[in-house]
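Topology and contacts: notes
Residue-level listing of the chains:
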Amino acid sequence: MASDNIFSGLKVVDMASFIAGPSAAVILSDFGAEVIKVEPPSGDTWRIGHKIPPQPQAQDPYPFHLANRNKRGITLDLKSPDAQQVLERLVKWADVLIVNTPHPARKRLKLEYDDVTRWNPRLIYADLTGFGERGPDANLPGFDITAYWARSGLLSMTRDAGAPPTWPVAGSGDNATAVGLYSAIVTGLYRRERSGKGSYVTTSLLAEGVWSASVSIQAALCEAKFFGLHDRKNPANAALNVYRAADDTWFVLIVTPDKLAAVAKAIGRADLLSDPRFSDPARLIQNMPQLTAILDEVFGSQPMSHWYEVFSGVHVTFGAVRGPQEVIADPQLRLNDIVVPLEGAGRKLTSTISSPIQVHGVTKVPAKRAPALGEHNDEILEQLGFDANEIAALHASGTVPKATEREAAAVG
């Protein structure tokens with residue numbers, strides 16, 4: 001139950017936008033943290049992410065629910081002269097503050113670490129940037145596509161030879177970065193448990209992208225000799241390649257040296273083991289296209305269901321390439337609580353993706369819809385100690401706009 005969860009009693013203020021920062025707060029909320037989502041009066045732009053191509057189009061604002069479930073929401077105009085009094089009470093209430101506002105704007109809004117920790121020295125201040133806090137590009141705006149994918153080198157390597165860089169899956173770098181930011185927050189909380197001190201913790205989309213690409217980046221650091229971009233018909237290693245079954249299913253095959261003999265026999269081509277073109281290491285490199293062509297013919301002769309049985313029988317690593325509509329039918333997702341029910345979002349949005357961390361013996365908080373824009377304004381202000389007259393004044397000044405009935409009734 002939520003009352004027995006790991007982060008029950010932990011208070012989080014999420015002032016971040018789009019995906020990575022808010023998703024780090026979602027992970028905390030999955031384990032019981034109380035999260036307040038703070039948005040400008042116009043709302044987080046990710047509320048309309050489902051309407052921005054090339055994201056899949058839908059009536060339901062599925063991206064916003066995914067990054068903001070289990071939260072309460074308040075709108076706050078940080079440019080208002082009265083905003084500081086609301087911000088101060090939020091910071092005093094919080095254990096964790098998550099921010100991804102660019103530092104120049106953060107400085108103007110008095111939202112920097114030194115501005116807010118004077119109110120709460122035990123605060124874990126979680127800072128997310130595109131390119132890090134120092135250097136000539138520290139203040140550049142960054143999305144995961146630019147900072148995580150392009151700048152890190154990942155985008156240059158995730159393509160076949162002769163193909164231009166492609167457009168990566170939306171949010172893929174953000175969600176990986178969210179796990180990193182969550183880890184930084186938990187590390188800061190552990191430090192606070194031991195020392196009583198708050199922490200300024202941070203990561204960047206660039207740092208997370210380089211970490212994801214670290215095998216290749218580490219190779220570059222030691223001046224390793226790189227193979228060219230992957231060429232499926234002339235790969236560096238035909239045993240680590242992508243092949244297509246008779247039913248047009250593509251699959252990734254990874255045959256380690258200890259499995260070569262077993263796989264060759266299982267696919268009915270034990271003769272390849274003694275073929276002089278492939279049995280001699282030097283000649284194998286020269287004849288990799290020929291070996292690939294042979295394997296193409298073999299694997300193209302039977303459907304994926306056949307190769308599933310063959311590969312499973314010899315315990316070789318493989319994976320059929322699936323599209324999103326196929327992935328959601330995979331029984332592994334629900335049996336392992338990767339996909340879980342989502343309460344209250346309405347329409348067709350009845351399930352969501354759980355965060356990728358499980359603790360045995362701990363049940364995550366059941367997923368509930370994201371808040372409507374400003375849905376909990378008055379409730380949160382009252383919790384922070386503002387009386388009715390003060391709340392009315394904050395509404396009148398536009399510091400905390402009063403939520404309309406439409407906004408209170410639905411997200412998006």
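Look above for the structure.
In this report, the structure presented in the accompanying data block is examined. None of these values were measured; they are calculated from a predicted model.

Parameters at a glance
Residues numbered from 1 in each chain as written. Predicted model: local features only at pLDDT ≥ 70, side-chain atom pairs only at ≥ 80, totals over all residues. Heavy atoms only, no water. Helix = DSSP H or I, 4+ residues; strand = E, 2+ residues; numbered from the N terminus. Buried < 20%, exposed > 50% of the residue type's maximum accessible area, 1.4 Å probe, protein only. Contact = heavy atoms within 4.5 Å. Areas by Shrake-Rupley, 256 points an atom, 1.4 Å probe, with all protein chains shown as cover. Patch = residues over 30% accessible without salt bridge, like charges linked within 9 Å, V, L, I, M, F, W, Y side chains within 5 Å. Salt bridge = Lys/Arg side-chain N within 4 Å of Asp/Glu carboxyl O. Pairing = 2+ DSSP bridges. Axes fitted to C-alpha atoms, helices over the stretch in contact; angles between N-to-C directions.

The next point concerns the overall build of the protein chain. Looking only at helices and strands, one finds 20 helices and 12 strands in the protein chain. Considering only C-alpha atoms, the protein chain reaches an extent of 85 × 45 × 40 Å along its principal axes. In the protein chain, which comprises 412 residues, the proportion classed as buried is 43%. Of the contacts made within the protein chain by residues no fewer than 6 positions apart, 69% connect residues no fewer than 24 positions apart. On the protein chain, roughly 21600 Å² of surface is accessible, and the fraction owed to carbon and sulfur atoms is 57%.

Quick look at a nonpolar patch on the surface now. A cluster of nonpolar side chains, namely Leu240, Trp250, Val252, Ile254 and Val321, defines an oily patch on the protein surface of about 380 Å² accessible area. The element best represented in the nonpolar patch is strand β8 (residues 250-254), accounting for three residues. Tracing the backbone through its elements, the reader meets Trp250 in strand β8. Classification of Trp250 as partly exposed rests on a relative accessible area of 31%.

In space, the three strands of this open sheet follow the order β7-β8-β9, with antiparallel pairing throughout. The two strands at the open ends of the sheet, each matched to only one other strand, are β7 (240-244) and β9 (317-320). Neighbouring strand axes in the sheet, compared pairwise and without regard to direction, differ in orientation by 20 degrees on average. Here β8 pairs with β9 via four bridges, running antiparallel. Bridged to Ile254 within β9 is Thr317. On the sheet, helix α14 (residues 288-299) packs against β7 and β8 and is oriented at approximately 40 degrees with respect to β7.

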